[in-house]
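# Observations on chain architecture
Below, each chain spelled out in residue letters.
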Amino acid sequence: GQGHTGTGVEGEEAGAAVRDSMSPNDGLGQAPAQASYIKGFHEIYVLRCTSCTTVTFPRCEKHSTMLTRASKDDAAQCHRCREVRRLGGSPCEHCKQESCLSEEWWMLSDEEAGYLHAAFPAGQRAIDHMLLQCPVCMSVNFPGTEQSLVVNRGGQMTSLSGRVMHEQDYRAVTKHVTPACANLPLTKVPVRLTPEESAAVARLVGNTPEAEEGLDEQPSAAEKMQYVVAPNGLFPAPLKEDKGTQALIYFRFLGRLVGKALLDQRYLDLPLAPAFLKRMIGQDLCFQDLATVDPQLYRTLCKLKAACAEGGTGMLDGCPIEDLGLDMTLPGYPDFELVPGGKGVSVTVQNLPQYVEAVTRASLADGAAQQFSVFRAGFDEVFPMKHLEVFSAEELELHIRGDVEEWDVETVRASLHPDHGFNDSSMPILWLPKFLGG
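Below, the structure is looked at part by part.

Looking now at the overall build of the protein. A count of helices and strands for the protein gives twelve helices and 18 strands. Within the protein, the fraction of its 438 residues that count as buried is 40%. Summarising the internal contacts of the protein: among those between residues at least 6 apart in sequence, 65% fall at separations of at least 24. Roughly 24,600 Å² of accessible area belongs to the protein as shown, and the carbon and sulfur atoms make up 51% of that amount.

Attention now goes to the environment of A365. Considering the arrangement of structural elements, one finds A365 in the loop between α8 (352–364) and α9 (369–380). Using a relative accessible area of 33% as the deciding quantity, one classes A365 as partly exposed. In the structure, A365 is positioned 79 residues away from C286 in sequence and 9.4 Å away in space, judged by C-alpha atoms.

Attention shifts here to the nonpolar core. Looking at soluble globular proteins, one finds that nonpolar side chains tend to be buried together. Formed by 61 residues in total, the largest nonpolar core has its most connected members in V258, M280, L338, Y355, L388 and I400. Contributing elements (two or more residues each) for this core: β9 (127–133), α4 (246–264), α5 (274–280), α7 (295–308), α8, α9 and α10 (393–401). A per-element tally of this core places α8 first, with seven residues. Non-local contacts of M280, meaning those with residues more than four positions away in its chain, are made with V258, L272, F372, F375, F379, M385, L388, L396 and I400. One finds A113, Y115, L149 and V205 within the second-largest nonpolar core, a separate group that totals 23 residues.

The next subject is the packing of aromatic side chains. Summed over all chains, the structure comprises ten aromatic pairs. Between F276 and F375, the ring centres sit 4.9 Å apart and the planes meet at 80 degrees, which makes this aromatic pair edge-to-face. In this pair, F276 sits in helix α5 while F375 sits in helix α9, placing the two residues 99 residues apart along the sequence. The burial state of F276 is the same as that of F375; both residues are buried. The aromatic ring of W105 is capped on one face by R69, whose charged end is 4.3 Å from the ring centroid. For the cation-ring pair, K305 lies above F287, with the distance from its terminal atom to the ring centre recorded as 4.2 Å.

Look at α7 against α8: their axes get within 9 Å of each other, and the N-to-C directions meet at 155 degrees. Comparing their axes, α8 and α7 come out roughly antiparallel. Crossing geometry of α7 relative to α8 is assigned as left-handed. Residue-level inspection shows L297, L301, L304, K305 and C308 of α7 in contact with α8, the latter providing L352, P353, Y355, V356, V359, T360 and S363. Classifying every residue of the contact of α7 with α8 by side-chain character gives nine nonpolar, two polar and one charged.

This brings us to the sheet that holds strand β10 (residues 140–141). Here three strands make up an open sheet; going across it, the order is β10-β9-β14 and the pairing antiparallel. At either end of the open sheet lies a strand with only one pairing partner, and these are β10 and β14 (187–193).

To continue, consider α4. With 19 residues, α4 ought to run about 27 Å at 1.5 Å a step, and its terminal C-alpha atoms sit 27 Å apart, in line with that. Taken together, the buried positions of α4 are L248, I249, F251, R252, G255, V258, G259, A261 and L262. For α4, the secondary structure elements touched by its buried residues are α5, α9 and α10. Backbone geometry just downstream of α4 places Q265 in the positive-phi region, at approximately 55 degrees.

In this section: helix α3 (residues 195–204). Three or more residues of α3 are buried, namely E197, S198, A200, V201 and L204. For α3, the buried positions fall inside an angular range of 160 degrees around the axis, keeping them on one side. Contacts made by the buried residues of α3 are with β2 (55–56), β3 (59–60), β4 (65–66), β8 (101–109), α2 (110–118) and β14.

On the surface, a nonpolar cluster with roughly 750 Å² of combined accessible area is contributed by W407, M427, L430, W431, L432, F435 and L436. Note on placement: L436 falls in helix α12 (residues 427–437).

Let's shift gears to the packing of α4 against α9. Packing of α4 against α9 brings their axes to within 7 Å, and their N-to-C directions diverge by 40 degrees. It follows that α4 is oblique to α9 by the angle criterion. Here α4 and α9 pass one another in a crossing that is right-handed. Within the contact between the two elements, α4 uses L248, F251, R252, L254, G255, R256, V258, G259 and L262 and α9 uses Q370, Q371, V374, F375, A377, G378 and F379.

Right, let's talk about the environment of G312 for a bit. Mapped onto the secondary structure, G312 falls in the loop between α7 and β15 (315–316). Look at G312 and you get partly exposed, because its relative accessible area is 36%. Sequence-distant contacts of G312, that is, excluding residues within four places in its chain, are made with A306 and A307.

Before going further, it helps to examine unusual backbone geometry. Even without a glycine there, the phi angle at T53 is positive, about 70 degrees. Relative to the elements of secondary structure, T53 occurs in the loop between β1 (41–49) and β2.

The subject of this paragraph is the pattern of salt bridges. Close approach of charged atoms lets side chains of opposite charge pair. Applying the stated criterion across every chain yields a total of 19 salt bridges. Across the pair D380 and R376 runs a salt bridge whose closest N-O atoms are separated by 3.9 Å. Here D380 pairs with R376, and both are found in helix α9, just four residues apart, close to one helical turn. A network of salt bridges, in which partner residues are shared, links R59, E61 and E197.

Thresholds, definitions, all that
- Residues numbered from 1 in each chain as written.
- Predicted model: local features only at pLDDT ≥ 70, side-chain atom pairs only at ≥ 80, totals over all residues.
- Heavy atoms only, no water.
- Helix = DSSP H or I, 4+ residues; strand = E, 2+ residues; numbered from the N terminus.
- Buried < 20%, exposed > 50% of the residue type's maximum accessible area, 1.4 Å probe, protein only.
- Contact = heavy atoms within 4.5 Å.
- Areas by Shrake-Rupley, 256 points an atom, 1.4 Å probe, with all protein chains shown as cover.
- Core = buried A, V, L, I, M, F, W, Y, C linked by side-chain atoms within 4.5 Å.
- Phe/Tyr/Trp six-rings, centres within 6.5 Å; stacked < 30°, edge-to-face > 60°.
- Lys NZ or Arg CZ within 6 Å of the ring centre and 35° of its normal.
- Axes fitted to C-alpha atoms, helices over the stretch in contact; angles between N-to-C directions.
- Parallel < 35°, antiparallel > 145°, perpendicular 65-115°, else oblique.
- Left-handed = near helix turned anticlockwise from the far one by under 90°.
- Nonpolar A, V, L, I, M, F, W, Y, C, P; charged D, E, K, R; others polar.
- Pairing = 2+ DSSP bridges.
- Expected span 1.5 Å × (residues − 1).
- Arc of directions from axis to C-beta.
- Patch = residues over 30% accessible without salt bridge, like charges linked within 9 Å, V, L, I, M, F, W, Y side chains within 5 Å.
- Salt bridge = Lys/Arg side-chain N within 4 Å of Asp/Glu carboxyl O.

So, in structure tokens, the structure goes:
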């Protein structure tokens, strides 16, 4: 949004009092806070109707505050009375549809809360709006002009003057919880807003505690970082265009890291796939590059191409193509449809060439387009990636990783010089090459 507002001194003092009451005290004075707070942001509980898209902000009228997250789960509560509430799946009071209220969590800033109320069109009982939300930190932006919020007309954000606004126009002005999310593509969320709810948000946001960073939370086993084994080098896993994820932040950081390492002439132990290196030097990828990314998929697609070629048998290893049970989705990614409605389209001899081409394109181009785009953007912050086009893929790998020598048993053994009582027949000298080069 374009509006600006503050919480006021009273709101800030009330928020400080709440934080003080929630912090532990050992009798020796105020103990250190167990979690830090994100200044100016509130993680609020929101109900959105999946049918009419009307948004409501559940609140505790007794204590004049919006509901916030109770714990690590998605339960909502008033931070004063601690009453936990679960309202998802309830009927909508506006469209009367049953079990259609969806629970959501928004990171709402003081500025956006004030702008929402100030820019709500006067005299309107409700408006269809297009909210913009960061897919990573969940920060929200109510797009509009200085005079009014935009309205949602057929999926387009339109100002009162009829000008069509675009999501890209608001990336730079959207406030995020974390700077790492800056300029990320924002998710468009259709919502129906009412003046009553907008006024309630502006009135209660000052009494709602600020969001916690959760410094004391320990990651679960599923959240812990997993190691990746990529014997053929690292290449982005396919990602649909409409799925903005945490991965994009990592790729932007990776671009900065590689650019800075090259600029400072420091080596990185980062085994990028040859296909990724080719993309960095501006070369297009082809079907044969799939062999260095996913050899097993490449071999299977080669067999499928032979089966549908002129004079082919129309069979794979003796099995008719129709009996393989393939559909128009990317192998290993059932939600990645290669064509609209791909889950319901079976692969036959007739559409087999289209299937092979679509799988190749999704694996090497479309599925990796977002990741490489943000990687390049991060790299260009250091120096333009186009300057790498003077190198070959092999030369670029040398600049990134250095002279990478494969360690086998003979290489390690030739590098050892036994001393201090050890000789070539000593058991530790015989074992070490096997451990390091095996």
